[in-house]
Structure formats: structure tokens, C-alpha cells
Amino acid sequence: MRAVKGINGTAQVLELPNPEALPQFVKVRTDYSVVSVGTELLMIRSNEDANLGYSASGVVVEVGEGVTHVVPGQRVACYGVPAHRELLLVPKHLVVPVPEGVTQQEAAFVGIGAIAVHALRQAELRFGETIIVVGLGILGQAIAQIAHAACYRVIGLELMEERRRMLEAIGAIACRSQEELQRAVKSDTSCHGADAVMLCASSRKNSMVDDAISWLRDRGRVVIVGDTGTEFDRDLLFMKEASIHISRAGGPGRYEETYEQQGVDYPIGYVRWTEGRNMGEFLRLIAEKRIDMQSLITHECALDELPAMYGSCLEKPQEAMGIVVRYAGPGSAQATGSLDKG
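Predicted, not measured: the structure shown is a model, and the values here were computed from it. (Residues numbered from 1 in each chain as written. Predicted model: local features only at pLDDT ≥ 70, side-chain atom pairs only at ≥ 80, totals over all residues. Heavy atoms only, no water.)

Novice: Help me understand the overall build of the protein in this model?
Specialist: Scanning the protein from N- to C-terminus turns up 11 helices and 16 strands. The C-alpha radius of gyration of the protein comes to 20 Å, within 12% of the 20 Å expected for a compact globule of 342 residues. Along the first, second and third principal axes, the C-alpha atoms of the protein reach 55 × 50 × 40 Å. Within the span of the protein, comprising 342 residues, buried residues form 54% of the whole. (Helix = DSSP H or I, 4+ residues; strand = E, 2+ residues; numbered from the N terminus. Rg over C-alpha atoms; globule rule 2.2 N^0.38 Å. Buried < 20%, exposed > 50% of the residue type's maximum accessible area, 1.4 Å probe, protein only.)

Right, here's the structure in full:
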């Protein structure tokens, strides 16, 4: 099978062996995968041998022993394994059926969606509260859309005008500077600051935790979602008795061998929202038209074109948002309804 990996600082198309079916795993023929631009560019630069991608959709080819919730021929969404390849071998809890009304393109965002859902759960918001989303890349946009659907007051901070316009299209507030953000927060005199700040920017060289604390109400929350710096002033945190949390990927079960590799689920009475259940919830939001991932797709490319697409993202980051990689030819069953915006 063909796959794209990061080899010695460059993205390359390679031929890899087809995966063999295993108990508690599902073999899937890929229809679409999604590029997590910041994460993947970092992996290409910093690893000699990097597996790329983590979010995809496809059709079940074969199920291993112990898999009962999907069957061969069924449309599914997948998370948590290298996604930019023609065949995927996915732990059963990270494979969810695609509901009617959800396209394969939209379903391919399921990994990003699960991360967004879990991050919002970490914020522990209540109806009507205010959330600030810092960094409006694909993950920040997904968080903002889900928060808006949940009737939170959403304020975004982003330098790129194109990304601010995307947020404004859903009816949220988008700010270019911290001064604009402060004015937007102060305009709601009922809360005396944001209830939560989601840090989705990705730069370990810089920390915005102190800024985030300054935007919070008393006892508000900072949730670190992106790969960002974590230094903070203890006195600022103390004066507001604020809390800082980090969001670990798609939710409970991530990186746990018993859950992902052995297929042992958490009882719902003890862990209501696992990463697998977060995946299903994200697809439900799409199916019910509460969020619109299609509007975030800016580019589509074939697998062979993906290495060049990474170069385009570096040259014109303001133009790249949702990037889907196509594995079937235009006009096929899998590609029906696709947008060719590349």
C-alpha cells in the first residue's frame, strides 16, 4: 500500500506492507484523511522517521476477533493511528460508524473533533458562560463551533484575517489583538472575565498562560490544548485562585494499552465520555447540522500530492485550514459530494 511519511526532514510517498488483521482491530480502506498542519509539519522537521496523520474515514475491509459494532462494507471514521495511507489497522474503540447525512470528507475530521470535544469537557463550562479560544487553526475552529453550538459565548483571538472571518461566519466574536479581546470580554458586565480560556496556539517558545489568567474571571480555568509554552506567574494564579489544565488528546483511553490495544472498554457509569464516545458525539453534531466542518475545508489533494501540499502550507499558512487527502478517484462512491478546492 502507498503511504506518506516524514523521512529525514521531508515528506515522501512510500510503499509499505499491507497490515494484517488482529483481534480487537478493524482493517479499513481509506477514503479520506485530514492533515493536522501544525502537528505534522513539526513531526516532519523533528523526526527522522515520522508517521503522519491521525484522523480519517473509510470503509471496513475486515474485522478481527472481538469486534461486533462494525461490519465489512460499513462506512466508518478512524482516529489514533497513522492516517495518510491506503489501508488502516485501527483499534476497535477508535472506529465509529458514520451516520447518515455525514459525508466521508466530514467524517475524516473525527480525530480533530474528538480532541476538540474533550478539550471543552476539560473547561467544565455551563450554559451561557464565556469561552476565549486563542489560535483559530483547524482545532481552534472546531472548538469554537462546538462551543457555539452548546450556547457558550465564544470569543476568538487570531492574527490571520482569513481565520477570523471563518469564526465570525458562525456568529462568534473574532479579535485581532489583545486590546480588542479585552474590550470584548469587558462588554459583558455580568461575568467579570471569561469563564475559560482555551490555548490552541502551537509554540513552545512562547507562553500565553499569564495573559490567559488576566482574561479570566475569579476562579476561571485555563485549558492548554496546543503544543505551547506553560510558564506562568504563580502570583497571578493565586490572586484569582484560577486553575490550569492540559487536555490529553481525544479523551479517557488515549494511550492506554488495555483500552486501545486490548479492546477493554470503560464502563459508562465510571467513565461517561471515552475518546471513542467523544468521536461518536462529534459525528452526531455534524449529522444534526449543529456544526459545519465542510465550511472549513480549504484544500483537497490526492495522496501523491500531499508532500507538495505541506510545502504550500509553509509558504502560505493563511490559506490553509481544513486539508483533506483523497484516496479514491473523483466520481467514485467514496468521492461523491467532495469539494476540489486545491
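Anyway, onward from the coordinates.
Novice: Help me out: how do you make sense of the sheet that holds strand S4 (residues 49–51) in this one?
Specialist: Strand pairing within a sheet occurs via backbone hydrogen bonds; the two strands may be parallel or antiparallel. Read across the open sheet, the 3 strands follow the order S2-S1-S4; overall the sheet is antiparallel. The open sheet has two free edges, formed respectively by strand S2 (10–15) and S4, since each of these has just one partner strand. Across the sheet, the mean angle separating the axes of adjacent strands is 40 degrees when strand polarity is ignored. Note that strand S1 (residues 2–7) and S2 share 6 bridges and pair antiparallel. Within S2, the residue paired with Val4 across the bridge is Val13. This element, helix H11 (residues 306–315), spans S1 and S2 of the sheet and lies at about 170 degrees to S2. (Pairing = 2+ DSSP bridges. Axes fitted to C-alpha atoms, helices over the stretch in contact; angles between N-to-C directions. Contact = heavy atoms within 4.5 Å.)

Novice: Help me understand the pattern of salt bridges in this model?
Specialist: Oppositely charged side chains are able to pair whenever their charged atoms sit close together. Following the criterion strictly, the structure yields 16 salt bridges and no others. One salt bridge in this structure joins Arg217 and Asp195, with 2.5 Å as the shortest N-O distance. You can see Arg217 sitting in strand S13 (residues 216–224) and its partner Asp195 sitting in strand S12 (residues 194–199), a full 22 residues away along the chain. A relative accessible area of 23% means that Arg217 is categorised as partly exposed. As a salt-bridge pair, Arg290 and Glu288 come within 2.8 Å of each other at their nearest N and O atoms. In this structure Glu288 comes out as partly exposed when scored by relative accessible area, which is 39%. Through salt bridges that share partners, Glu281, Arg284, Glu288 and Arg290 make up one connected network. (Salt bridge = Lys/Arg side-chain N within 4 Å of Asp/Glu carboxyl O.)

Novice: So what exactly am I meant to see when it comes to the packing of aromatic side chains here?
Specialist: For any two aromatic rings, the description comes down to two numbers: the centre-to-centre distance and the angle of the planes. Under the counting rule described, the total for this entry stands at 2 aromatic pairs. Measuring from ring centre to ring centre gives 6.1 Å for Tyr54 and Tyr79, while their planes differ by 70 degrees; the resulting arrangement is edge-to-face. Taken together, the positions of Tyr54 in the loop between S4 and strand S5 (55–63) and Tyr79 in strand S6 (residues 75–79) put the pair 25 residues apart, joining distant regions of the chain. The class for Tyr54 is buried, based on a relative accessible area of 18%. The class for Tyr79 is buried, based on a relative accessible area of 2%. On the basis of an interplanar angle of 20 degrees and a centroid distance of 5.5 Å, the ring pair of Tyr259 and Tyr266 is categorised as stacked. (Phe/Tyr/Trp six-rings, centres within 6.5 Å; stacked < 30°, edge-to-face > 60°.)

Novice: It is not clear to me how helix H10 (residues 275–287) should be interpreted in this structure. Could you clarify?
Specialist: Every α-helix winds through 3.6 residues per turn, so residues three or four apart in the chain are directed the same way. Look at H10: 19 Å from first C-alpha to last across 13 residues, which is about the 18 Å you get at 1.5 Å a residue. Listed as buried for H10 are Glu275, Gly276, Arg277, Asn278, Met279, Glu281, Phe282, Leu283, Leu285 and Ile286. Taken together, the buried residues of H10 touch S6, strand S8 (95–97), helix H2 (104–107), helix H3 (110–123), helix H4 (138–149) and helix H9 (257–260). Immediately downstream of H10, the backbone of Lys289 shows phi near 60 degrees, a positive value. (Expected span 1.5 Å × (residues − 1).)

Novice: What is the right way to look at the layout of surface pockets in this model?
Specialist: The method is simple in principle: a probe with the dimensions of a water molecule rolls over the atoms, and the space it marks as empty is what remains. In this structure, the second largest pocket encloses a volume near 300 Å³. Every residue lining the second largest pocket is counted, 14 residues in all, and those nearest its centre are Leu120, Arg121, Ile146, Ala150 and Tyr152. At the level of elements, H3, H4 and H10 are the ones that each hand at least two residues to the lining of the second largest pocket. In terms of residue count, the dominant contributor to the lining of the second largest pocket is H3 (3 residues). Here the residues of the lining of the second largest pocket sort into 9 nonpolar, no polar and 5 charged. (1 Å grid on protein atoms, 1.4 Å probe; cavity = no way out; pocket = protein on both sides within 12 Å on 5 of 7 lines; lining within 4 Å. Points joined across faces, edges and corners; volume = space filled by probe spheres on them. Nonpolar A, V, L, I, M, F, W, Y, C, P; charged D, E, K, R; others polar.)

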